[in-house]
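Remarks on the overall topology
Chain by chain, the residues:
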Amino acid sequence: MRENRVINSLSTVLSLLIVIGVFTFAHVCGDMGGMAAPCHTTRSFAVVLASLTAVISLFFFFPVDKRITSVFVIARPILAFLIVLLPDVIAPVCKMHTMHCYVYTRPLLVIAGSILTALALYGLVSYIWKEREIKRGQEHEALL
């Protein structure tokens, strides 16, 4: 139980780091003479995905229906993996290697998203393992 609190706390903090980071130290490119930079879309998607991940991680601190918990346990690794894919596949950042979004935003999303994915997958495996143990315990009690 304690390890789940640690995972959820780390997921929440890391998600909030992404949201704060894309507006501060890992900000996207500024005004490009009236053109919309492609990295602005990346920032928008990153904020939405990281916010959803943080909210889902916060939900685990409160007692929630088992079906909702099951959906959240499955949704969190998917959202985290989408954060990893975001700067290269879904909404690519600028391709110039000297642009701020390529140098700072892209690595932030990939590294933080990878850590979030690992934490979420560990939480998923832990949840499945716990449910399996509960089911085995109930079957064992039924046999007695």
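Residues numbered from 1 in each chain as written. Predicted model: local features only at pLDDT ≥ 70, side-chain atom pairs only at ≥ 80, totals over all residues. Heavy atoms only, no water.

As for the environment of V103
Within the element layout of this structure, V103 appears in helix α4 (residues 100-143). Between the C-alpha atom of V103 and that of V28, which follows or precedes it by 75 residues, the distance is 9.9 Å. Apart from residues no more than four positions distant in its own chain, V103 is found in contact with H97 and T98. (Helix = DSSP H or I, 4+ residues; strand = E, 2+ residues; numbered from the N terminus. Contact = heavy atoms within 4.5 Å.)

Some details on the nonpolar core
In terms of nonpolar packing, the biggest core is built from 20 residues, with I18, V22, A46, I83, L86, L109 and L116 touching the most fellow members. Within the residue set of this core, elements represented by two or more residues are α1 (2-21), α2 (38-59), α3 (66-90) and α4. With sequence-adjacent residues up to four places away left out, V22 is seen in contact with H27, V28, R43, A46, V47, T105, L108 and L109. If you look at the next biggest cluster of nonpolar residues, it comprises nine residues, including V28, C29, V93 and M99. (Core = buried A, V, L, I, M, F, W, Y, C linked by side-chain atoms within 4.5 Å. Buried < 20%, exposed > 50% of the residue type's maximum accessible area, 1.4 Å probe, protein only.)

Notes on the confidence of the model for the chain
Across the chain, pLDDT averages 88, with 93% of residues at or above 70. Taking the mean pLDDT of every element in the chain, the minimum, 88, falls on α4 and the maximum, 93, on α3. (pLDDT = per-residue confidence, 0-100.)

So, α2
Side chains of residues three or four places apart in an α-helix project in the same direction, reflecting 3.6 residues per turn. Taking 1.5 Å per residue, 22 residues should reach 32 Å; α2 reaches 33 Å between its end C-alpha atoms and fits that length. Residues C39, T42, A46, V47, L49, A50, T53, A54, I56 and S57 constitute the buried set of α2. (Expected span 1.5 Å × (residues − 1).)

Describing the packing of α2 against α3
Following both chains from N to C, one finds α2 and α3 inclined at 155 degrees, their axes separated by 10 Å at the closest point. As judged from the angle between their axes, α2 and α3 are roughly antiparallel. The element α2 and its partner α3 pack so that their crossing is left-handed. Contacts between α2 and α3 pair T42, F45, A46, L49, A50, L52, T53, I56, S57 and F59 from the former with F72, A75, R76, L79, A80, L82, I83, L86 and P87 from the latter. Across the contact of α2 with α3, the residue classes break down as 15 nonpolar, three polar and one charged. (Axes fitted to C-alpha atoms, helices over the stretch in contact; angles between N-to-C directions. Parallel < 35°, antiparallel > 145°, perpendicular 65-115°, else oblique. Left-handed = near helix turned anticlockwise from the far one by under 90°. Nonpolar A, V, L, I, M, F, W, Y, C, P; charged D, E, K, R; others polar.)

With respect to the pattern of salt bridges
A complete count under the given rule lists three salt bridges for this structure. With a shortest N-O distance of 2.8 Å, K66 and E131 are connected by a salt bridge. With K66 in helix α3 and E131 in helix α4, the pair connects residues that are 65 residues apart, well separated along the chain. For R106, the salt bridge goes to D88, with nearest N and O atoms at 2.7 Å. With R106 in helix α4 and D88 in helix α3, this residue pair connects regions lying 18 residues apart in the sequence. Residue classification places R106 among the partly exposed residues on the basis of a relative accessible area of 24%. D88 gets classed as partly exposed once you look at its relative accessible area, which sits at 35%. (Salt bridge = Lys/Arg side-chain N within 4 Å of Asp/Glu carboxyl O.)

Brief notes about the packing of aromatic side chains
Aromatic ring pairs are reported here in terms of the distance separating the ring centres and the angle at which the planes meet. Counted according to the given criterion, the structure contains one aromatic pair. Centroid distance F59 to F72: 5.2 Å. Interplanar angle 40 degrees. Geometry classified as tilted. Placement of F59 in helix α2 and of F72 in helix α3 is noted, with a sequence separation of 13 residues between them. With a relative accessible area of 36%, F59 lands in the partly exposed category. We classify F72 as buried; its relative accessible area is 18%. (Phe/Tyr/Trp six-rings, centres within 6.5 Å; stacked < 30°, edge-to-face > 60°.)

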